[in-house]
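Geometric and topological summary
Each chain, written out:
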Amino acid sequence: MGMPDVVAFAGNQVHVCRYREATTLLRWLGPDLRGQTVLDVAGGDGYWAGRARRRGADAVSVDLARAKMERGAKLRHAPELVEGDALRMPLRDASVDKVLSICAIEHFDDGPAALGEMARVLKPGGELVMSADCLSRRERWPHLFAAHSTRYRVKRTYTHESLAGLLDEQGLEVLDHSYQFRGPLAERTYLSVSAKGGRVGFNAAAPLVPLIALGDARSPNTRGSIVLIRARKRSGTPA
């Protein structure tokens with residue numbers, strides 16, 4: 001493993017929440033992606049698209065952060081890295097089999113428009129797996145939520161119901177959903193770490209992953225800090 005891969009591993013795999021959500025989303029994509037084109041929207045350095053490539057996919061990552069993509073080009077399993085806006089992606093209609101998007105939509109000026117673009121490039125019958133900030137109990141700790149939103153430029157939060165409605169308008173049907181950091185203590189921990197510790201705090205909290213996962217398994221799958229969605233584009237839906 002070269003130094004670019006080590007740095008990318010630390011920034012993506014060690015991260016206490018990103019690792020958990022990305023692992024679930026990749027599981028939904030499937031273990032064998034040979035013959036399929038997988039697009040990661042706002043994929044940064046392309047690390048997670050590279051995980052799809054390792055499973056055989058023709059993987060593409062779209063992002064506007066050129067510096068991240070320059071680092072990503074040095075990864076051992078680097079995907080195709082395309083500089084482009086998630087609201088105007090430089091891809092043809094119905095050109096990809098699966099779309100991946102990891103906690104990106106909440107940062108977009110127009111989240112519904114971004115979903116429209118994801119639906120446009122997705123083939124009928126293709127699947128979208130994505131995550132987004134939900135922060136369902138944010139009214140309990142408004143100062144933490146405000147700090148989190150300012151630090152990470154969060155424009156809007158989503159629930160599985162709100163995403164299902166937006167996706168339905170684009171011709172996609174939700175197949176599955178999951179929340180992470182479901183309990184009150186877990187959600188407050190997430191907000192506290194994000195508001196005060198940022199990436200350093202999230203990485204330092206990595207040893208808590210087993211406890212958080214255990215707490216999630218014992219809590220209702222109805223709310224939490226992060227919502228994950230798996231959806232399929234209906235056959236016959238125009239691009």
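Please refer to the structure higher up on the page.
Presented here is a report on the structure given in the accompanying data block. (Residues numbered from 1 in each chain as written. Predicted model: local features only at pLDDT ≥ 70, side-chain atom pairs only at ≥ 80, totals over all residues. Heavy atoms only, no water.)

With that settled, the discussion passes to the sheet that holds strand β1 (residues 37-41). Taken in spatial order, the seven strands make up an open sheet running β3-β2-β1-β4-β5-β7-β6, and their pairing is mixed. Looking at the sheet topology across the chains shown, the edges are occupied by β3 (80-83) and β6 (172-180). Across the sheet, the mean angle from the axis of one strand to that of its neighbour is 15 degrees, orientation sign disregarded. Pairing analysis gives five bridges linking β1 to strand β2 (residues 58-63), with the strands arranged parallel. Paired with V38 across the bridge in β2 is A59. (Pairing = 2+ DSSP bridges. Helix = DSSP H or I, 4+ residues; strand = E, 2+ residues; numbered from the N terminus. Axes fitted to C-alpha atoms, helices over the stretch in contact; angles between N-to-C directions.)

Within the fold, E127 resides in strand β5 (residues 122-133). In this structure E127 comes out as buried when scored by relative accessible area, which is 8%. At a separation of 2.9 Å, a polar atom in the side chain of E127 contacts the side chain of R232. In this structure, E127 is in contact with W28, D97, K98, V99, L122, L175, R230, A231 and R232, ignoring residues within four places of it in sequence. (Buried < 20%, exposed > 50% of the residue type's maximum accessible area, 1.4 Å probe, protein only. Polar contact = N/O pair within 3.5 Å; in protein donor to acceptor, adjacent residues only side chain to side chain. Contact = heavy atoms within 4.5 Å.)

The next point concerns the environment of G171. Within the fold, G171 resides in the loop between α7 (160-169) and β6. For the pair G171 and G236, spaced 65 residues apart in sequence, the C-alpha to C-alpha distance is 9.1 Å.

Turning our eyes to something else, we now look at the packing of aromatic side chains. Scanning all chains against the criterion turns up two aromatic pairs. Relative to W48, the ring of Y47 has its centre 5.0 Å away and its plane inclined at 85 degrees; by these criteria the two rings are edge-to-face. Both residues of the pair, Y47 and W48, belong to the buried class. The positively charged end of R51 is found above the aromatic ring belonging to Y47, 4.5 Å away from the centroid. It is R138 that lies over the ring of F145; its NZ or CZ is 5.6 Å from the centre. (Phe/Tyr/Trp six-rings, centres within 6.5 Å; stacked < 30°, edge-to-face > 60°. Lys NZ or Arg CZ within 6 Å of the ring centre and 35° of its normal.)

These results come straight from atomic positions and should not be treated as a statement about function.
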